[in-house]
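# Summary of the model geometry
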Amino acid sequence: SLADANNVKRRVLPTGSLQDLRFKRSLHDAERAIQDKDYAKADTSLQQAQAENKDDPEILVVQAKLLAARDRDAEALPLLDVYDREVADPAAREVGNAARNDILYDMEKKRAAFKEQLRTLQHDGDYSKLRAAGNQALTLDPDDDDFLYYGGAVAAVFRDRAAAKE
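Residues numbered from 1 in each chain as written. Predicted model: local features only at pLDDT ≥ 70, side-chain atom pairs only at ≥ 80, totals over all residues. Heavy atoms only, no water.

### Focus on the overall build of the protein
Looking only at helices and strands, one finds nine helices and zero strands in the protein. The order of helices and strands in the protein, counted from the N terminus, is α-α-α-α-α-α-α-α-α. Across the protein, contacts joining residues at least 24 apart in sequence account for 55% of those joining residues at least 6 apart. Of the roughly 10100 Å² of accessible surface on the protein, 50% is carried by carbon and sulfur atoms. (Helix = DSSP H or I, 4+ residues; strand = E, 2+ residues; numbered from the N terminus. Contact = heavy atoms within 4.5 Å. Areas by Shrake-Rupley, 256 points an atom, 1.4 Å probe, with all protein chains shown as cover.)

Printed below as a string of structure tokens:
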């Protein structure tokens, strides 16, 4: 709630201080690295930002963007939930909302592309590729009913009883 967000005691860096500038630069570098698909550099920049100010909720937004870029969208959304609980300022909430909207939009596009790919592979009978695509789809969204169906069907074809039951 907003009351909880206002009551949270976190370390705030003095605006314009050397530490604040390093923190903001690290976050900026992480976002640019994500855009460039250089995820190792994004990880490094996020670690540098955390070293400067581990309590800043802005880190959660960038972490969520990095997870989404790695096709782990389902893991990204809970970070934005935490972010929403930690900030009270309307402008900060809008940053989280914009990131959430981008992730949800991209997730839906990826979900639709995976579903089409899975249907095509099943139609063609290419079950080894279907298995790999199904696993990637489940990484994107482990709760999607269609992805679970394809994962179970492929596991049954390969006689993987444990995976078929999941």
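Anyway, onward from the coordinates.
### Topic: the packing of aromatic side chains
Centre distance and the angle of the planes are the two values used to describe a pair of aromatic rings. All chains considered together, the criterion is met by two aromatic pairs. Both rings, one in Phe114 and one in Phe147, keep their centres 6.1 Å apart while their planes meet at 80°; by these two values the pair is edge-to-face. Taken together, the positions of Phe114 in helix H6 (residues 90-124) and Phe147 in helix H8 (residues 145-157) put the pair 33 residues apart, joining distant regions of the chain. What makes Phe147 buried here is its relative accessible area of 0%. (Phe/Tyr/Trp six-rings, centres within 6.5 Å; stacked < 30°, edge-to-face > 60°. Buried < 20%, exposed > 50% of the residue type's maximum accessible area, 1.4 Å probe, protein only.)

### A short note on the packing of helix H4 (residues 58-69) against helix H5 (residues 73-86)
One can describe the packing of H4 onto H5 by two numbers: an axis separation of 8 Å at closest approach and a directional angle of 170°. Between H4 and H5, the interaxial angle falls into the category roughly antiparallel. Handedness of the crossing formed by H4 with H5: left-handed. For the pair H4 and H5, the contacting residues are Glu58, Leu60, Val61, Gln63, Ala64, Leu67 and Ala68 in the first and Asp73, Glu75, Ala76, Leu79, Leu80, Val82, Tyr83 and Glu86 in the second. (Axes fitted to C-alpha atoms, helices over the stretch in contact; angles between N-to-C directions. Parallel < 35°, antiparallel > 145°, perpendicular 65-115°, else oblique. Left-handed = near helix turned anticlockwise from the far one by under 90°.)

### Comments concerning H4
Given 3.6 residues per turn, any residue in an α-helix points the same way as the ones three and four places further on. In a regular helix each residue adds 1.5 Å, so 12 residues correspond to 16 Å; H4 covers 17 Å between its end C-alpha atoms and thus fits that length. Among the residues making up H4, those that are buried are Ile59, Leu60, Val61, Val62, Ala64, Leu66, Leu67 and Ala68. Here the buried face of H4 lies against helix H2 (18-35), helix H3 (39-53), H5 and H6. Trailing H4 by a residue or two, Asp71 shows a phi angle of about 65°, which is positive. (Expected span 1.5 Å × (residues − 1).)

### Regarding the environment of Val157
Within the secondary structure, Val157 is located in helix H8. With relative accessibility at 45%, the residue Val157 sits in the partly exposed group. Placed 29 residues apart in sequence, Val157 and Ser128 show a C-alpha to C-alpha distance of 9.8 Å.

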